[in-house]
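# Residue-level structure breakdown
Spelled out from the first residue to the last, the chains are:
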Amino acid sequence: MASTSAAHSHLSEYEIWWRGHYKFLTEKGYKLRSRYSPDWVPSWTNTNKADINCEDGIASPHYLVLDARRIQDGARVSLKRIDISRHPYEIEIGRYFSTHPLSSDPANHCVPIYDVLTVPAEDNTVIIVMPLLRDATDPYFDTVGEVVDCIHQLFEGLRFMHRHHVAHRDCMQLNILMDDSMFIDAWHASDQYMSEDYKRVARHRARTKSPPRYYYIDFGISRQYEASNTNPLEAPIFGGDKDVPEFNEDNFKPRNPFPTDVWYLGHAIQETFLDDYTGVEFLSGLVSDMMHSDPAQRPNMDEVFSRFQVIRQGFSNWKLRSRVAHDEERSVFDLLAHWTRRIQYVLRRIPPTHTSLS
């Protein structure tokens, strides 16, 4: 792999793999950025520009994932390289949720799979094509209603998976993403703070005004079970979050993965909201129960969803419009900006939430 100092001007080993498949992907209908073209000439060549200030000078942060454009309609997509000998169920489960009628169910928050490409001369390598999504925690949340919308979708989505007998087994914070609904500018896939052309900060609206849809990604270690198997037992397998209490007690004892999913999601909410925001204390009791050290004492996702609906029913519109403040947004300016937006929403009759009680 290229050193950090050279990473922006020289392709890393994993980027070279993508460059080597540029023509193949183009023939399949997907165009990579100029950085990955075999004919790429860095745009800063013979100029006074620094590579880190150029669109094609930014290395992809993920060695198995790269963005592209679908040639047919210009849609931005995400390409994920999969070794099916290591992750034999990822495509099967992804396609299951991407097929009608499940694909059209509004409770389905699994990232859809658009296409599956078999890589030539690599027996176990395929590329799945999905929509290009982004970090669900950025930009920051502004109101209780925005948090409620997010949590509603996450609970709804995991409940949907569980009702179809699928355990995600890695539904940690990094595997929760959102679409581009908030964004005025397309963002740069390797630096989401910047616009796609890397000329300015990517502009966006607030979530209240342009609510995003949230998705679960990465079904590499997910499993689907028979409906008759009400207590499936699996050997523990660590996902990205290594703090699962039952795994740390005994790494070899088979466990039911569904209560572990509940813990993962509770911990993701703890890390995203309760650790970093004020104004979200209403989540603490439910999240605490979701993270109970004894898996048998955790609520299942039907219970989690129902309890959250009760919490939500107790909120007035004023409460839903009230501020949640990230630790990095505590200035007077941030407070005034919140109230300016809040008044505009009331005057324009923009609802404080966009998910219905169910």
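Calculation rules
- Residues numbered from 1 in each chain as written.
- Predicted model: local features only at pLDDT ≥ 70, side-chain atom pairs only at ≥ 80, totals over all residues.
- Heavy atoms only, no water.
- Helix = DSSP H or I, 4+ residues; strand = E, 2+ residues; numbered from the N terminus.
- Rg over C-alpha atoms; globule rule 2.2 N^0.38 Å.
- Buried < 20%, exposed > 50% of the residue type's maximum accessible area, 1.4 Å probe, protein only.
- Contact = heavy atoms within 4.5 Å.
- Arc of directions from axis to C-beta.
- Pairing = 2+ DSSP bridges.
- Expected span 1.5 Å × (residues − 1).
- Polar contact = N/O pair within 3.5 Å; in protein donor to acceptor, adjacent residues only side chain to side chain.
- Patch = residues over 30% accessible without salt bridge, like charges linked within 9 Å, V, L, I, M, F, W, Y side chains within 5 Å.
- Areas by Shrake-Rupley, 256 points an atom, 1.4 Å probe, with all protein chains shown as cover.
- Salt bridge = Lys/Arg side-chain N within 4 Å of Asp/Glu carboxyl O.
- Disulfide = S-S within 2.5 Å.
- Core = buried A, V, L, I, M, F, W, Y, C linked by side-chain atoms within 4.5 Å.

### A few points about the overall build of the protein
Looking only at helices and strands, the protein has ten helices and 14 strands in total. The C-alpha radius of gyration of the protein comes to 22 Å, within 12% of the 21 Å expected for a compact globule of 358 residues. Each principal axis of the C-alpha atoms in the protein carries an extent, and together these give about 60 × 55 × 40 Å. For the protein, the proportion of its 358 residues judged to be buried stands at 51%. A fraction of 67% describes how many contacts in the protein between residues 6 or more apart in sequence connect residues 24 or more apart.

### Some details on helix α1 (residues 13-20)
Buried within α1 we find Y14, E15, W17 and W18. Looking straight down α1, one finds that the buried residues subtend no more than 150° of arc, so they occupy a single side. Those residues of α1 that are exposed and angled more than 90 degrees off the buried face are E13 and G20. Contacts made by the buried residues of α1 are with α2 (22-27), β2 (65-70), β3 (76-83) and β5 (125-131).

### Some remarks on the pairing of strand β10 (residues 191-195)
Side-chain positions along a regular strand alternate between the two faces of the sheet. Sheet topology places strand β9 (residues 187-188) next to β10; two bridges connect them, and they run antiparallel. Considered in β10, the bridge of H188 is made with D191. Taken together, β9 and the strand that follows it, β10, pair antiparallel across an intervening segment of two residues.

### So, helix α8 (residues 301-313)
With 13 residues, α8 should reach 18 Å at 1.5 Å per residue; the first-to-last C-alpha distance of 18 Å fits that figure. Listing the buried residues of α8 in full gives M301, V304, F305, F308, Q309 and R312. Along α8, the residues classed as buried sweep out an arc of 135° about the axis, all on the same side. Opposite the packed face of α8, turned more than 90 degrees from it, sit the exposed residues V310 and Q313. On its buried face, α8 is in contact with α4 (144-163), α6 (257-274), α7 (284-290) and α9 (317-321). Among the residues of α8, the N-terminal cap falls to N300, whose side-chain oxygen and the backbone nitrogen of D302 are separated by 3.1 Å.

### Looking at a nonpolar patch on the surface
Taken together, the side chains of W318, L335, W339, I343 and L347 define a hydrophobic patch exposed on the protein surface, amounting to about 560 Å² of accessible area. With four residues, the single largest contributor to the nonpolar patch is helix α10 (residues 332-347). When you line up the elements, I343 lands in helix α10. Judged by its relative accessible area of 47%, I343 falls in the partly exposed class.

### Let's talk about the state of the cysteines
Applying the stated rule across the entire model yields zero disulfides. For the unlinked cysteine C110, the closest cysteine sulfur is that of C171, found at 11 Å. Counting only cysteine sulfurs, C171 is the nearest neighbor of C150, a cysteine outside any disulfide, at a range of 13 Å. You can call C150 buried: its relative accessible area is 4%.

### Quick look at the nonpolar core
V147, F155, L265, F273, F282 and L283 are the most contacted members of the largest nonpolar core, which totals 65 residues. Residue contributions to this core peak at ten residues, all from α4. Excluding residues that lie within four positions of it along the chain, L265 makes contacts with L154, F155, L158, C171, I176, Y216, M290 and M301. The next biggest cluster of nonpolar side chains, apart from the first, holds 20 residues, and it includes Y30, A68, L79 and V119.

By themselves, these figures tell us nothing about what the structure is for.
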